[in-house]
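# Summary of structural features
Residues per chain are reported as follows:
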Amino acid sequence: MSTWDSLLLGLSFALQPQVLIYCVLGVLLGSFVGVLPGIGAMAAISLLLPLTFYMSPEAALIMLAGVYYGAQYGGAVASILLRLPGTPQSAVTTLDGYPLTQQGRAGLALFTAMISSFTGAMIGIVVLVMLAGWLSALATRFGAADYAMMMIFGLVAASTIGATRPVKGFAMIALGVLLGCIGTDVNSGAQRFTFGQTELLDGLNLVALAMGLFGVAEVIANIRNPERQKTAARISLRSLLPTRDDLRRIPLPILRGGALGSFFGALPGTGSTLSAFLAYATERRLSRQPERFGKGAVEGVAGPEAGNNAAAITAFTPTLTLGIPGDPIMALMLGALIIHGIQPGPMMLEARPEMFWGLVASFGIGNLLLILLNLPLIGIWIAMLRIPFNYLYPAIIVFLCLGVYSVRGLTFDIVLVAGIGLAGYLMTLAKFSPALLLLGFVLGPLIETNLRRALLIARGDPMVFLERPISAGFVFASVILLMLPLWRLRRRKARAYEDSI
Amino acid sequence: MQRDWPEVWGGLILAIVGIGAALYAWQNYDMGTLRQMGPGFFPVAIGAALCGFGLVIALPALLRRGDGAPFDGASLLLVLTAVLVFGLALPRLGLVGASFVTVLIATLPAERRGWLWRGVLALSITLVTVLVFHLGLRMTLPLWPRLS
């Protein structure tokens, strides 16, 4: 089947009314939570996860994906107007977005963010379509050893790239993997770390874990946060329109941001936050007037917003073609699919083409809806930023409790949420990443299964990981990532030594 | 000297969890061989690694200055209480009762004074919950408190 036929199949699937409605619902809810600072896409997806059990898996995936990229659009709004990132991915947007607001040009910043997000996402879709067929063909040659090493590489990348203290990331991943061991071991049937609790036989409930780590912990951290009490000023629709000079400045940053984001989004372990940072750094380096950055340069909004949206789309590539989530949000998405009884992987393109291509088509439809809806709705989003957090968070608590309860109907899971929430809040305080814990939790069982299988096939010879070219490549790349911080440290010490003499 | 306590405690707790899990798995589950790993192999390895990472985090932090993060004990305690109360109350007080009580407890750490807004908020959130979860999604839950 040619790519065009596949896309047409996807479009005809995604345009069915009962699928389209979930796409619309997803992008609207995503924008909504994206706008609200303190509630990220993680919390939103885990809040909505239980609701998707009432839908078909395809519709569920399309809606949750809509929430994710919708949140990227919304995230920019609070970043620009309040200097509070609505989502971590839009943190860079505050650097130049907020100065523009201070200069009375908030409308321009919002317009730039929207148009860049849209174009970035479109670039991401093209890259996704090109990569998907190639990757899933490549994936059929992957053996257990290759899978295991690729996932380990993803974990190493997620905890080292852009991190100041990689060891804290490693610790969170190890804790996540350990929590992933809870439950019945698939290979031997042994019950691990269940302590006689029948509720734990199927493992720790993913929804409870995500809600505790993101919902409860984020609510607690925000209740008395003085930053959170700021409210936005009104802006007029007319101020959204850019001047000719602005229009001349943004196209190239958008294209570069989109390209960067597409590339880094598709790599396991990096994701959209990093893409936004890289896009910003690139624009500042390429600019003829780098001193304008940080004081309200439109390029500093356009590049990162295009980058994070492109990355949000291409991040689905490894998840759907290899069954390996590249970042924590994708891990949650993979978890959702597994709960629905679908194991994504190289066979999915063949076995469920309507699911994959329907999702791709829904990306296009959803982004089109976002740009058409968000410009007129901008007034509503700003009004929402005026709702005091005091009115929002009690509702979040009730919804997340009900959401967790609805998964299995067990009060045990609600108690679990409280315990995980406590741990999550302490982690936030000590600056340990709960997102990496979740990534480890989802990838851990997959890594264990593939490691055990690989060693069984190789008769217990660990050299198998270096003999297979794909696996060896990932081992090599992981080692390089691990060495980088050491090298940087040595260089810094050498420089300090030179300075001292 | 003000030490970097969050890192010290964080690292130590992780190290204890790691070594505890590793020892527990070592004693209770079959390790197997490298060729045929038993259920204990992976948890022991990961637990030991976690213990190592925890120590690497905690020990240097003892020698480093750090700033204490703002710890909001009241919000923590009350939000966790609200979650637990919801879990305990749902089977007994039904959806309406549990939502109402949970919202009231959850609003306690908010800095705005007065009880009127708390009551109105609790009523409206309860209404939304009933509309969405009972009428919309038709979840099978007791709606009202059991009187007997």
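Residues numbered from 1 in each chain as written. Chains lettered and ligands numbered in written order. Predicted model: local features only at pLDDT ≥ 70, side-chain atom pairs only at ≥ 80, totals over all residues.

### Section: the overall build of chain B
Stated formally: Under the DSSP-based scheme used, a helix requires at least four consecutive residues in state H or I and a strand at least two consecutive residues in state E, with every element numbered from the N terminus. Radius of gyration: C-alpha atoms only; globule rule: 2.2 Å multiplied by the number of residues to the exponent 0.38. Backbone-placed C-beta atoms define the burial measure: a residue is buried with 20 or more other C-beta atoms within 10 Å of its own, exposed with 12 or fewer, and partly exposed in between.
Looking only at helices and strands, chain B features 4 helices and 0 strands. In chain B, the order of α-helices and β-strands from amino to carboxyl end is α-α-α-α. Against the globule reference of 15 Å for 148 residues, chain B gives a C-alpha radius of gyration of 24 Å, more extended than a compact globule. Based on the C-alpha atoms only, the size of chain B along its principal axes is roughly 55 × 50 × 30 Å. When burial is assessed residue by residue, chain B has 39% of its 148 residues classed as buried.

### Comments concerning the overall build of chain A
We apply this condition: Contact between two residues is assigned when their C-beta atoms, built from the backbone, lie within 7 Å.
Assigned secondary structure in chain A consists of 22 helices and 2 strands. Its C-alpha atoms give chain A a radius of gyration of 22 Å, within 12% of the compact-globule value 23 Å for 501 residues. Principal-axis analysis of the C-alpha atoms places the extent of chain A at approximately 65 × 65 × 55 Å. Restricting to contacts in chain A with at least 6 residues of sequence separation, those with at least 24 account for 79%.

### Quick word on the interface of chain B and chain A
Our working definition: We call Asp, Glu, Lys and Arg charged. Ala, Val, Leu, Ile, Met, Phe, Trp, Tyr, Cys and Pro are nonpolar, and the rest, Gly among them, are polar.
Contact residues are listed per partner, giving 54 residues for chain B and 49 residues for chain A. Secondary structure elements with two or more residues in the side of chain B that touches chain A: α1 (5–28), α2 (41–62), α3 (73–107) and α4 (116–136) of chain B. In terms of residues, the side of chain B that touches chain A owes the most to one element, α3 of chain B, which gives 16 residues. Here the residues of the side of chain B that touches chain A sort into 36 nonpolar, 13 polar and 5 charged.

### Looking at the packing of helix α9 (residues 206–223) of chain A against helix α19 (residues 411–429) of chain A
All names here are of chain A. What counts here: Axis definition: a line fitted to C-alpha atoms, over the contacting stretch in the case of helices. Angles run 0 to 180 degrees between N-to-C directions. When an angle is under 35 degrees it counts as roughly parallel; over 145 it counts as roughly antiparallel; between 65 and 115 it counts as roughly perpendicular; any other value is oblique. Take the far helix as the reference: if the near one is turned anticlockwise from it by less than a right angle, the crossing is left-handed, and if turned clockwise, right-handed.
Across the interface, α9 lies against α19 with an axial gap of 7 Å and an inter-helix angle of 55 degrees. As far as their axial angle goes, α19 and α9 are oblique. As for how α9 packs across α19, the hand of that crossing is right-handed. Taken together, the residues of α19 that come into contact with α9 (itself represented by A208, L209, M211, G212, L213, V216, A217, I220 and A221) are D413, L416, V417, I420, G421, G424, Y425 and T428. By residue class, the composition of the contact of α9 with α19 is 12 nonpolar, 4 polar and 1 charged.

### A short note on the domain arrangement of chain B
Operational definition: What marks off one domain from the next here is an automatic or database domain assignment.
Segmenting chain B into domains produces domain 1 (5–62) and domain 2 (73–136). Between the C-alpha centres of domain 1 of chain B and domain 2 of chain B there is a distance of 39 Å.

### Section: the packing of α9 of chain A against helix α18 (residues 389–408) of chain A
Residue and element names in this part refer to chain A. For the pair α9 and α18, interaxial distance at closest approach is 10 Å and the crossing angle is 165 degrees. Relative to α18, the element α9 is oriented roughly antiparallel. For the element pair α9 and α18, the recorded crossing hand is left-handed. On α18, the residues touching V207, A208, M211, G215, V219, N222 and I223 of α9 are F389, Y393, I396, I397, L400, G403, V404 and V407.

### Notes on the confidence of the model for chain A
Stated precisely, the cut-off is as follows: Scored from 0 to 100, pLDDT reflects the predictor's confidence in each residue.
This prediction gives chain A a mean pLDDT of 83; 93% of its residues lie at or above 70. Confidence scores differ between elements of chain A, with helix α16 (residues 348–351) of chain A showing the lowest mean pLDDT of 77 and helix α8 (residues 166–180) of chain A the highest of 92.

### Some points on the confidence of the model for chain B
All names here are of chain B. Within chain B, residue pLDDT values average 85, and 95% of them lie at 70 or more. The spread of mean pLDDT over the elements of chain B runs between α4, the lowest at 86, and α2, the highest at 91. Taken over the whole predicted complex, pTM reads 0.83, whereas the ipTM for its chain interfaces reads 0.89.

### What about α8 of chain A?
The following threshold applies: Multiplying 1.5 Å by the residue count of a helix minus one yields the expected span of that helix.
Look at α8 of chain A: 21 Å from first C-alpha to last across 15 residues, which is about the 21 Å you get at 1.5 Å a residue. Here α8 of chain A lies mainly inside the structure; 13 of its 15 residues are buried.

### A short note on unusual backbone geometry
In terms of backbone geometry, most residues other than glycine have negative phi values and most peptide bonds are trans. All names here are of chain A. Phi is positive for F193, which is not a glycine, with a value near 50 degrees. Mapped onto the secondary structure, F193 falls in the loop between β2 (191–192) and α9. C-beta crowding within 10 Å serves as the criterion here: with 19 such atoms nearby, F193 is assigned to the partly exposed category. If you check the backbone angles, R459 has positive phi at about 55 degrees while not being a glycine. Judged by local crowding, R459 falls into the exposed class, with 10 C-beta atoms found within 10 Å.

### Side note on the environment of I223 of chain A
Checked against the element boundaries, I223 of chain A lands in helix α9. Expressed as a C-alpha distance, the spacing of I223 of chain A and F389 of chain A, which sit 166 residues apart in the sequence, is 7.2 Å. When residues no more than four places from it in sequence are discounted, the contact partners of I223 of chain A are Y393 of chain A together with D72, S75, P109 and A110 of chain B.

### So, the environment of L337 of chain A
Residues and elements named next belong to chain A. Looking at the element boundaries, L337 is found in helix α15 (residues 328–339). The exposure class of L337 is buried, given the 21 C-beta atoms found within 10 Å. As for L337 and F263, which are separated by 74 residues in sequence, their C-alpha atoms are 24 Å apart. The contacts of L337, once residues within four sequence positions are left out, are P57, L61, I342 and P344.

### Points about α15 of chain A
All names here are of chain A. Over its 12 residues, α15 extends 16 Å from the first C-alpha to the last, a length consistent with the 16 Å expected when each residue adds 1.5 Å. Of all 12 residues that make up α15, 10 are buried, and the element is covered over most of its length. Tucked inside the fold, the buried residues of α15 contact α3 (41–48), α4 (57–82), α9, α14 (316–321) and α20 (434–457).

### Things to note about the environment of I457 of chain A
Considering the arrangement of structural elements, one finds I457 of chain A in helix α20. Expressed as a C-alpha distance, the spacing of I457 of chain A and A145 of chain A, which sit 312 residues apart in the sequence, is 9.4 Å.

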